[in-house]
Amino acid sequence: MNLVEERTKRTQWFLKDRFGMFIHWGLYSIPARGEWIRSNEKISKEDYRVYFDEFNPINYDPKSWARAAKDAGMKYVVMTAKHHDGFCLFDSKLTDYKATNTKAGRDLIKEYVDAFREEGLKIGLYYSTIDWYHDDFPHYGDRHHPMRENIAYKDFEHDFENYLEYMHGQVRELCTNYGKIDILWFDFSYDDMCGEKWKATELINMVRSLQPDVIIDNRLEASGENAGSIRTKNPSFFAGDFASPEQIIPPEGLVDEDGHSIPWEACITMNNHWGYCSNDKNFKSSKMIIRKLVECVSKNGNLLLNVGPNAKGEIPIESLNILKEIGKWIKDNGNSIYNCGKSSLPKPEWGYYTQNGNKLYAHIFEPSIGPLGLSGLTNRVKKVRLLSDGSEIKIINPWNTFDFEDHMFINFGSPGQLTYPLPNNIDTVVELELLE
Ligand code: GLC
């Protein structure tokens, strides 16, 4: 098999599961101004140490996190094992800068893996190739390092080979000590810090020797700004198994040069921060997130929805409430998300289509005046049901539809009642069983 064929085989489960939880958590949850605070505020390692000395998430309960994710209909999860600040949430033998050396005194990743695996979710680990703590990661003149403008580091001799040995060693630990890992989510490449600069081929060969079925994102070569060679006919060895558009849903989905759909996952925050940000109360509504999940699936994509737990180890109540609302909708309508993808029909004006074989799902966001018209389906439909309760939806052709023969018309009200509220004002899903 070639790289694309291998990628297609590995990502089959991923493209069926469609919906995952992203978790950004670490020392930055204490200052609570997002996970880039060291870089944004140019905080020295010494000044950032206060958070290491304080970190003690007394309410960390990954089992409750796992239940919240499962109840929201999420099928997989990705949590930060190490973010750009270099702090390790796992008990790495290669550093002292880790959760087991804080007041937490626990391997937070071990507890996370066990809890989410127990709830049946597939396990992902986010690992930052960037490391602002390690002495041998470039400082002065780097695009992002907190000390990028600190002249004291101008002539510092970094042994980048030593950093790579450390980085590869930690990835080996994560692929060895925590059971089956389903997703490795590297983050991120920039300027010349990409591809073989990370010794990506060697890294991936090591990963695959330990976790042969794991899927890997595209950020050993790319970032949220560009998808890298995964969109070409000849992806590089480290192009990854899926693209990771960030804080955006690709307008047309993502295809390669030949127009073939490639696996992709939009990663989205609930407010505007990945890491906990106490004053960011700009949370998206559950209605918006449900509709964006539908949009992703209608374009053959996945949605990775982020939560940023606080310093005490609690997922913010706003996020929990949103997850609960999503769970209510997906409980009744999950068949229109899982195992589904893009339909051959063009996008309708009133919402989206998703499809799974001969089951076509009409996601109706907007009510219509009179019966709802579905283009291109005349004489192609065996039966129509409201997905949430299995009730029959009538195909009708009343007097005011005679002019529109290429449309099939349905309505939710009684036959004589032609204008009516939709059963679900977030997304009313109608299942159409197609004849062929
Ligand atoms: C960007 C940010 C990083 C975040 C990631 C999530 O790469 O730098 O903080 O973890 O997006 O996609």
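Everything below is about the structure shown above.
Note that this is a predicted model, so its numbers are computed, not measured.

Thresholds, definitions, all that
- Residues numbered from 1 in each chain as written.
- Predicted model: local features only at pLDDT ≥ 70, side-chain atom pairs only at ≥ 80, totals over all residues.
- Heavy atoms only, no water.
- Helix = DSSP H or I, 4+ residues; strand = E, 2+ residues; numbered from the N terminus.
- Rg over C-alpha atoms; globule rule 2.2 N^0.38 Å.
- Buried < 20%, exposed > 50% of the residue type's maximum accessible area, 1.4 Å probe, protein only.
- Contact = heavy atoms within 4.5 Å.
- Core = buried A, V, L, I, M, F, W, Y, C linked by side-chain atoms within 4.5 Å.
- Domains from an automatic or database assignment.
- Pairing = 2+ DSSP bridges.
- Phe/Tyr/Trp six-rings, centres within 6.5 Å; stacked < 30°, edge-to-face > 60°.

Student: I tried to follow the overall build of the chain on my own but got confused; where do I start?
Tutor: From N to C terminus, the chain includes 10 helices and 14 strands. Scaling as 2.2 N^0.38, a compact globule of 436 residues should have a C-alpha radius of gyration of about 22 Å, and the chain matches this with 24 Å. Taken along its principal axes, the extent of the C-alpha atoms in the chain is 80 × 45 × 40 Å. Here the chain holds 436 residues, and the buried ones make up 58% of them. In the chain, once contacts between residues fewer than 6 apart in sequence are set aside, the share between residues at least 24 apart is 70%.

Student: How should I be thinking about the nonpolar core in this particular structure?
Tutor: Soluble globular proteins tend to pack their nonpolar side chains together in the buried interior. Within the largest apolar cluster, 104 residues are counted, with the highest numbers of intra-cluster contacts made by Ile23, Ile109, Tyr112 and Phe116. Of all the elements, helix α7 (residues 160-176) adds the most residues to this core, at 8 residues. Here this core spans two domains, and each of domain 1 (3-336) and domain 2 (351-434) adds at least three residues to it. Leaving out residues up to four positions away in the same chain, Tyr112 has contacts with Ile23, Tyr60, Pro62, Val77, Val78, Met79, Ile123, Gly124 and Leu125. Within the second largest apolar cluster, 21 residues are counted, among which are Ile364, Leu386, Ile410 and Val430.

Student: Mind showing me how you'd approach the sheet that holds strand β7 (residues 301-307) here?
Tutor: Paired through their backbone hydrogen bonds, the strands of a sheet run either parallel or antiparallel. Strand order in the open sheet made by the 7 strands is β5-β4-β3-β2-β1-β7-β6, with parallel pairing throughout. In this open sheet, the two edge strands, each paired with only one partner strand, are β5 (215-216) and β6 (264-269). Note: strand β2 (residues 76-82) against strand β3 (residues 122-128), 6 bridges, orientation parallel. Its bridge partner lying in β3, Met79 is registered against Leu125.

Student: When you look at the packing of aromatic side chains in this model, what are you seeing that I'm missing?
Tutor: For any pair of aromatic rings, the description consists of the separation of the ring centres together with the inter-plane angle of the planes. Summed over the entire model, instances satisfying the criterion amount to 32 aromatic pairs. Taking the centre distance of 5.2 Å and the plane angle of 75° together, the rings of Trp25 and Trp65 count as edge-to-face. In this pair, Trp25 sits in the loop between β1 (19-23) and α3 (37-40) while Trp65 sits in helix α5 (residues 62-71), placing the two residues 40 residues apart along the sequence. In this structure Trp25 comes out as buried when scored by relative accessible area, which is 0%. Taking relative accessible area as the criterion, Trp65 reaches 2% and is therefore assigned buried. Here Phe137 and Trp198 contribute two aromatic rings whose centre-to-centre distance is 6.4 Å and whose plane-to-plane angle is 20°, an arrangement assigned as stacked. Separated by 61 residues along the polypeptide, Phe137 in the loop between β3 and α7 and Trp198 in the loop between β4 (183-187) and α8 (200-210) bring together distant segments of the chain. The two residues Phe137 and Trp198 agree in class, both being buried.

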